[in-house]
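Below are the chains, spelled out letter by letter.
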Amino acid sequence: MEVTVFGTARGHRTHRSSFRFRATAAAVAAGVILAGCTSSEDGPGEAAGGVPVVEKGKLTTCTHLPYPPFQFEQSGKVVGFDVALIDLVAKNLGVEQKILDTPFENFKTGAFLNSGECDLAAAGMTITDDRKKNVDFSVPYFDATQALLATKKSGVKTLADVKSQKKKLGAQAETTGESFAKSQGFDPVAFESSDAVLNGLRTGQVDAVVIDYPVVQGWLKDKANAAEFVLGQNIDTGEQYGFSVKKGNDKLRAAIDKAIKDARADGTYDKLYQQWIGPLPKGRS
């Protein structure tokens, strides 16, 4: 299924309210549609089963790029575990997924869902009681843990090491990783994206970071990263990821739940997990 990508407002680390449009020649060459403004002919529609969509023939997904292995650009296309799962939803609804790149902080408030710019949000997002106040979540689709990644030269492997040695800790802004670090008494340097987190480590802005373990797994597949960084403690916070919809959008939420449950039942979920995340958890292989 072809995925349509719309580059839109995206906060920067130092100026979170600034906006910029993202478009690359590579994306165009690859056949990915980078939409500009919605034309007057476009508008709300209805997908199979009477599911409302904000644009006819599309299932518009808000995400925040990049966040591998869940959503990231590869050869000019947006791919990843989240993208593949939502493609299943779109296929069932007889529409095409369209991806809108937005600031992560909007997922906590449901702003782009409430404004009618997106049908759902898919961004490796942890289900929390605080977020449930503003959006409705699908059934959980991923069990997540946090991890500490540090530069080898820092010599730290735990948060206790970071604290005792007075090292600088970083995290992605507005994430549960940042929240966890703060709950442990840290004041982490906040980075706007996962790419910025990794760059912060590379450039010495921080000595270690707390971020989702699957993201760390992806980074360490790169030999250069594996040579420079070391995986420290694994932090089990009991987190589960979910896709979110506007409060009261029960038809779309039910469609997402069905796609997830069907994928788990017929083996599709496991195949996608192995493709994008890695080996299945123990007991599921």
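Along each chain, residue indices are assigned from 1 in the same order as the chain's sequence is written. Per-residue local features are limited, in this predicted model, to residues with pLDDT of at least 70; the limit for side-chain atom pairs, both in listing and counting, is 80 or more; totals at the level of whole chains, interfaces and linings are taken over all residues. Side-chain metrics in this entry use all non-hydrogen atoms of the structure; hydrogen atoms and water are not considered.

A word on the sheet that holds strand 13 (residues 208-212). Strands qualify as paired when DSSP identifies two bridges or more between them. Secondary structure is summarised from DSSP: a helix means a run of H or I of at least four residues, a strand means a run of E of at least two, and numbering begins at the N terminus for each. Pairing is mixed across the open sheet formed by 5 strands, whose spatial order is 12-11-13-10-14. Of all strands in the sheet, those bounded by a partner on one side alone are strand 12 (189-191) and strand 14 (229-241). Between one strand axis and the next, the sheet turns by 25° as a mean value, whatever way the strands run. Of the pairings in the sheet, the one linking strand 11 (residues 169-172) to strand 13 comprises 3 bridges and is parallel in character. Counted as the bridge partner of Gly 170 is Val 209 from strand 13. Angles run from 0 to 180 degrees between N-to-C directions of axes, and those axes are lines fitted to C-alpha atoms, restricted for helices to the stretch in contact.

Looking now at the state of the cysteines. Here, a disulfide means two cysteine sulfur atoms that sit within 2.5 Å of each other. Inspection of every chain in the model, using the stated rule, returns 1 disulfide. Residue pairing for Cys 62: its cysteine sulfur links by disulfide to Cys 118, the two sulfurs lying 2.0 Å apart. On the S-S bond that ties Cys 62 to Cys 118, the torsion sits near 65°, and the link is right-handed. Of this pair, Cys 62 sits in strand 4 (residues 58-63) while Cys 118 is found in the loop between helix 4 (111-114) and strand 8 (120-121), placing the two residues 56 residues apart along the sequence. Burial classification: accessible surface area is computed with a 1.4 Å probe over protein chains only, and a residue below 20% of its type maximum counts as buried, one above 50% as exposed, and the rest as partly exposed. Given a relative accessible area of 1%, Cys 62 falls into the buried group.

Moving on, we come to the nonpolar core. Side chains that are nonpolar tend, in soluble globular proteins, to be buried together. Counting 50 residues, the largest nonpolar core has Leu 59, Phe 81, Leu 93, Leu 120, Phe 142 and Phe 243 as the members making the most contacts within it. Per element, the largest residue contribution to this core is 7 residues, and it comes from helix 2 (residues 81-93). Not counting the four nearest positions on each side in its chain, Leu 93 is found in contact with Ala 47, Ala 48, Val 51, Leu 59, Leu 252 and Ala 255. In these notes, a set of buried Ala, Val, Leu, Ile, Met, Phe, Trp, Tyr and Cys residues joined through side-chain atoms within 4.5 Å is what counts as a nonpolar core. If you look at the next biggest cluster of nonpolar residues, it comprises 13 residues, including Leu 100, Phe 104, Ala 123 and Phe 137. Residues count as neighbours in contact if any of their non-hydrogen atoms are within 4.5 Å of one another.

Quick look at the packing of aromatic side chains now. Two numbers describe a pair of aromatic rings. These are the distance of the centres and the angle of the planes. Only rings of Phe, Tyr and Trp enter the pairing, Trp through its six-membered ring, and a pair is recorded when the two centres are within 6.5 Å. The plane angle decides the type: under 30 degrees is stacked, over 60 is edge-to-face, the rest tilted. Under the counting rule described, the total for this entry stands at 15 aromatic pairs. On the numbers, 6.2 Å between centres and 65° between planes, the contact of Phe 81 with Phe 142 is edge-to-face. With a gap of 61 residues between them, Phe 81 in helix 2 and Phe 142 in strand 10 (residues 142-151) connect regions that are remote in the sequence. With 5.5 Å between their ring centres and 80° between their planes, Phe 81 and Tyr 269 make a pair best called edge-to-face. On the criterion of sequence distance, the pair formed by Phe 81 in helix 2 and Tyr 269 in helix 12 (residues 268-276) is long-range, its members being 188 residues apart. Take Phe 81 and Tyr 269: they sit in the same class, and that class is buried. One aromatic cluster in this structure is built from Tyr 67, Phe 70, Phe 81, Tyr 141, Phe 142, Tyr 241, Phe 243, Tyr 269 and Tyr 273.

So, on to the side chain of Thr 175. Along the chain, the position of Thr 175 falls in the loop between strand 11 and helix 7 (176-183). In contact with Thr 175, not counting residues within four places along its chain, are Phe 104 and Arg 131.

By the burial criterion, the buried members of helix 8 (residues 194-202) are Ser 194, Ala 196, Val 197, Leu 198, Gly 200 and Leu 201. Gly 204 sits one or two residues past helix 8 and shows a positive phi near 80°.

What follows deals with the environment of Leu 85. Within the fold, Leu 85 resides in helix 2. Through-space distance from the C-alpha of Leu 85 to that of Ala 122 is 9.5 Å; in sequence the pair is 37 residues apart. Ignoring any residue separated from it by four or fewer positions in sequence, one finds Leu 85 in contact with Tyr 141, Phe 243, Tyr 269 and Leu 272.

So, on to unusual backbone geometry. For the peptide bond that leads from Leu 65 to Pro 66, omega is -10°, which places it in the cis range. Relative to the elements of secondary structure, Pro 66 occurs in the loop between strand 4 and strand 5 (72-74). A cis amide bond, omega 5°, links Pro 68 with the succeeding residue Pro 69. Of note, the phi angle at Ser 75 is positive, near 55°, even though the residue is not glycine. In this structure, Ser 75 sits in the loop between strand 5 and strand 6 (77-79). Residues other than glycine seldom take positive phi values, yet Lys 166 does so here, at roughly 55°. Within the element layout of this structure, Lys 166 appears in the loop between helix 6 (159-164) and strand 11.

Relative to the 18 Å expected for 13 residues at 1.5 Å per residue, helix 2 spans 19 Å between its end C-alpha atoms, a close match to the ideal helical length. The element helix 2 is extensively covered by neighbouring structure, given that 10 of its 13 residues are classed as buried. Of the residues trailing helix 2, Gly 94 is marked for its positive phi of about 75°. Multiplying 1.5 Å by the residue count of a helix minus one yields the expected span of that helix.

All right, on to the pattern of salt bridges then. Salt-bridge detection follows one rule: a side-chain nitrogen of Lys or Arg within 4 Å of a carboxyl oxygen of Asp or Glu. Taken as a whole and judged by the stated rule, the model has 9 salt bridges. Here Glu 55 ties to Lys 98 by a salt bridge, and the two come within 2.8 Å at their closest N and O atoms. Linking Glu 55 in the loop between strand 3 (51-53) and strand 4 with Lys 98 in strand 7 (residues 96-101), this pair joins segments that are 43 residues apart in sequence. Assigned by exposure class, Glu 55 and Lys 98 land together as buried. Between Glu 178 and Lys 182 there is a salt bridge, and its shortest N-O distance comes to 3.8 Å. Of this pair, Glu 178 and Lys 182 both sit in helix 7, 4 residues apart, roughly one helical turn. Here Lys 182 falls in the partly exposed class, since its relative accessible area comes to 47%. Here the residues in one salt-bridge network are Asp 250, Arg 253 and Asp 257, joined through shared partners.

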